[in-house]
Amino acid sequence: MTRYSTDTARYSSVAIAFHWTIAALVIVNLVIGIGHEGIPALRKLMGAHKAIGITVLALTAARMAWRLTHRPPPLPAGTPQWQRGTAHLTHWALYALMVLMPLTGWAMVSAPDATRPLNWFGLFDVPLLPLSGGAADAGHSAHGVLGWLMLALVVLHVAAALYHHLIQRDHVLARMAPVLRH
Ligand code: HEM
Ligand code: HEM
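Just so you know, these numbers come straight off a predicted model, no measurement behind them.

Asker: Is there a simple way to think about the site of ligand 2 in this case?
Answerer: Residues in close proximity to ligand 2 total 21 residues, the closest being His19, Arg67, Tyr95, His157 and Arg175. A distance of 2.8 Å is found between a nitrogen atom of ligand 2 and a side-chain nitrogen or oxygen belonging to His19. Applying the majority rule of atoms within 2 Å of the grid points places ligand 2 in the largest pocket. Within the residue set of the shell around ligand 2, elements represented by two or more residues are helix 2 (13-35), helix 4 (46-69), helix 5 (81-108) and helix 6 (133-168). Counting residues per element, the shell around ligand 2 draws most heavily on helix 2, which supplies five residues. Tallied by class, the residues present in the shell around ligand 2 amount to 15 nonpolar, three polar and three charged.

Asker: Would you explain the site of ligand 1 in this entry?
Answerer: Residues in close proximity to ligand 1 total 24 residues, the closest being Gly33, His36, His49, His140 and His143. A distance of 2.8 Å is found between a nitrogen atom of ligand 1 and a side-chain nitrogen or oxygen belonging to His49. At a separation of 2.7 Å, an oxygen atom of ligand 1 approaches a polar side-chain atom of His140. With respect to the pocket detection grid, ligand 1 is positioned in the second largest pocket.

Cut-offs used in this document
Residues numbered from 1 in each chain as written. Chains lettered and ligands numbered in written order. Predicted model: local features only at pLDDT ≥ 70, side-chain atom pairs only at ≥ 80, totals over all residues. Heavy atoms only, no water. Near = heavy atom within 4 Å. Polar contact = N/O pair within 3.5 Å; in protein donor to acceptor, adjacent residues only side chain to side chain. 1 Å grid on protein atoms, 1.4 Å probe; cavity = no way out; pocket = protein on both sides within 12 Å on 5 of 7 lines; lining within 4 Å. Sits in = over half its atoms within 2 Å of the grid points. Helix = DSSP H or I, 4+ residues; strand = E, 2+ residues; numbered from the N terminus. Nonpolar A, V, L, I, M, F, W, Y, C, P; charged D, E, K, R; others polar.

Dropping the structure here:
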């Protein structure tokens, strides 16, 4: 009975919707952020980058509230302890970065001498944070470093998902996929 439930349990549709919406927005923002200096077409998307980032912050707050009140399904029986530990650590590091990337970006554009409003897709202005120039600069530096850390963790996370699906052939990817069945 236990084996049956750990081999078929899935994330709830709410958790799945949060996961893939935020994943898509984060990937778009990593591409724009990393590419904007070298690729002029991406430079034009920096306004969207900022609005997407603020959206990620709001969605992540709602997602974390959901996650803290809903237990995720158990991992397949027999998953080694080191894999459980690594998955746990990676997931919480990703949650931390889903909060820290938008916050450091928001801090960066909130320098006291900022002249540009932080606009959300042409609909309204998001207030700037009341920060000193030093704090805005620290946000800028952190945003660059944490961006590369996030890229590395996302690559590790996707590699782990594909390893489970293609090599271990278990249901770990299927339980987070809207359509895939194991
Ligand atoms: C999911 C959220 C976000 C992600 C994953 C993200 C990612 C990135 C990355 C990887 C870079 C390039 C960093 C570098 O190479 O130095 C970048 C640059 C930048 N980001 Fe974000 N960002 C996010 C949210 C935000 C927000 C909310 C804002 C502002 C409100 C923002 C403003 C900027 C700006 C202005 C740059 C250019 C910095 C420069 O040219 O030195 N970002 N972002
Ligand atoms: C920027 C992109 C992504 C972010 C920030 C992200 C973040 C996360 C987080 C925080 C969790 C933990 C969920 C929880 O238990 O609370 C998770 C789970 C998961 N993600 Fe992602 N993810 C991303 C992209 C992807 C992609 C592209 C794939 C597939 C190729 C994927 C596959 C999975 C799977 C299978 C799980 C469930 C793992 C388990 O059951 O232990 N993710 N993701």
